[in-house]
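Next come the chains, spelled out residue by residue.
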Amino acid sequence: MNEQISTLHTSARQFCLPLSATRRGARLGRLLATEQLRSWGLPLDPARLIVAELTANAALHGRVTGRSFRLALAVTAEGVLRIEVTDTRGDALPVPQTAATGPAECGYGLLLVEELADRWGVRQGPVPCKTVWAEIDTAAPSAHLAPEPGNA
């Protein structure tokens, strides 16, 4: 028997769960992600705002009857928090709203994600899925958060 054991180099900080593609599933994803971030000792914002937006989009725009979506969080060795939401509507890619398209009550969520995340994007596949992801550099002070009162 071979005495050498191969080890995978994965982050101990990984969280992944399927959620129903409903408003309730999106809300549960936000609440569970908040608790996971808290248990890892990471700042809640802006991550929970990004999770809320991406899970709401999956429930609203990525919904396929009878199919769930997946929320995944991971922290890399470099201190990057990666948020991924995968749904089964690979044919419906997200398009950020712009001010040029006119005033609207909704449709600005991806602009919020763009402002809050250090990086974000969309990965297609495997068919019929797509994954919308966002990354936050947690090791460096975030430019996305206002300083605490008295610490400015």
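The preceding data block contains the structure.
Residues numbered from 1 in each chain as written. Predicted model: local features only at pLDDT ≥ 70, side-chain atom pairs only at ≥ 80, totals over all residues. Heavy atoms only, no water.

Engineer: What exactly am I supposed to notice about the overall build of the protein chain here?
Structural biologist: Check the secondary structure of the protein chain and you find 3 helices and 5 strands. Across the 152 residues of the protein chain, 36% fall into the buried class. Roughly 9600 Å² of accessible area belongs to the protein chain as shown, and the carbon and sulfur atoms make up 56% of that amount. (Helix = DSSP H or I, 4+ residues; strand = E, 2+ residues; numbered from the N terminus. Buried < 20%, exposed > 50% of the residue type's maximum accessible area, 1.4 Å probe, protein only. Areas by Shrake-Rupley, 256 points an atom, 1.4 Å probe, with all protein chains shown as cover.)

Engineer: What's the story with the pattern of salt bridges in this structure? I'm lost.
Structural biologist: Charged atoms that come close allow side chains of opposite charge to pair. In this structure the tally under the stated criterion is 9 salt bridges. Note that Asp87 is salt-bridged to Lys130, the shortest N-O span being 2.9 Å. Of the two residues, Asp87 sits in strand β3 (residues 80-87) while Lys130 sits in strand β5 (residues 130-137), which places them 43 residues apart along the sequence. On the basis of relative accessibility, which here comes to 5%, the residue Asp87 falls in the buried class. For Lys130, a relative accessible area of 4% translates into the label buried. (Salt bridge = Lys/Arg side-chain N within 4 Å of Asp/Glu carboxyl O.)

Engineer: So what exactly am I meant to see when it comes to the pairing of strand β1 (residues 14-20) here?
Structural biologist: Looking along a regular strand, one sees the side chains alternate between the two faces of the sheet. Only one face of β1 is covered, namely the face carrying Phe15, Leu17 and Leu19; the face carrying Gln14, Cys16, Pro18 and Ser20 is uncovered. By the bridge criterion, 7 bridges tie β1 to strand β2 (residues 68-75) in an arrangement that is antiparallel. When the bridges of β2 are listed, Cys16 appears paired with Ala72. (Pairing = 2+ DSSP bridges.)

Engineer: I tried to follow the pairing of β3 on my own but got confused; where do I start?
Structural biologist: Across the 8 residues of β3, 8 count as buried, placing the element largely inside the fold. Burial along β3 is two-sided: the face carrying Val80, Arg82, Glu84 and Thr86 and the face carrying Leu81, Ile83, Val85 and Asp87 are both buried. Relative to β3, β2 runs antiparallel, the two being bridged by 6 bridges. Bridging from a neighbouring strand, Val75 pairs with Leu81 of β3. Examined bridge by bridge, β3 and β5 share 8 bridges and lie antiparallel to one another. Pairing of Glu84 across the sheet is with Trp133, part of β5.

Engineer: Explain the nonpolar core to me, please; I cannot follow it from the model alone.
Structural biologist: In a soluble, globular protein the nonpolar side chains are often hidden away together inside. Grouped together as the largest cluster of nonpolar side chains are 30 residues, with contacts concentrated most on Trp40, Ile50, Leu54, Leu71, Leu73, Leu81 and Ile83. Those elements that provide at least two residues to this core are β1, α1 (23-40), α2 (47-60), β2, β3, α3 (109-116) and β5. If you tally residues by element for this core, the top one is α2, at 6 residues. Once residues lying within four places of it in the same chain are set aside, the contact partners of Leu73 are Arg13, Gln14, Phe15, Ala33, Gln36, Trp40, Val51, Leu81, Arg82 and Ile83. (Core = buried A, V, L, I, M, F, W, Y, C linked by side-chain atoms within 4.5 Å. Contact = heavy atoms within 4.5 Å.)

Engineer: Would you take a moment to explain the side chain of Glu84 for this structure?
Structural biologist: Within the fold, Glu84 resides in strand β3. A residue is classified by how much of its surface remains accessible, and Glu84, at 13% relative accessible area, is buried. The residues contacting Glu84, other than those within four sequence positions of it, are Arg70, Leu71, Ala72, Arg123, Thr131, Val132 and Trp133.

Engineer: Just checking my understanding: could you explain the sheet that holds strand β4 (residues 119-124) for this structure?
Structural biologist: Strands in a sheet are paired, the pairing made by backbone hydrogen bonds, and the direction either parallel or antiparallel. Strands sit in the order β1-β2-β3-β5-β4 across an open sheet of 5 strands; the sheet is antiparallel. Looking at which strands have only one partner, the edges of the open sheet turn out to be β1 and β4. When the angles between neighbouring strand axes are averaged without regard to direction, this sheet yields 15°. Those strands touched by α1 are β1, β2 and β3, and its axis lies near 165° from that of β1. Those strands touched by α2 are β2, β3 and β5, and its axis lies near 10° from that of β3. (Axes fitted to C-alpha atoms, helices over the stretch in contact; angles between N-to-C directions.)

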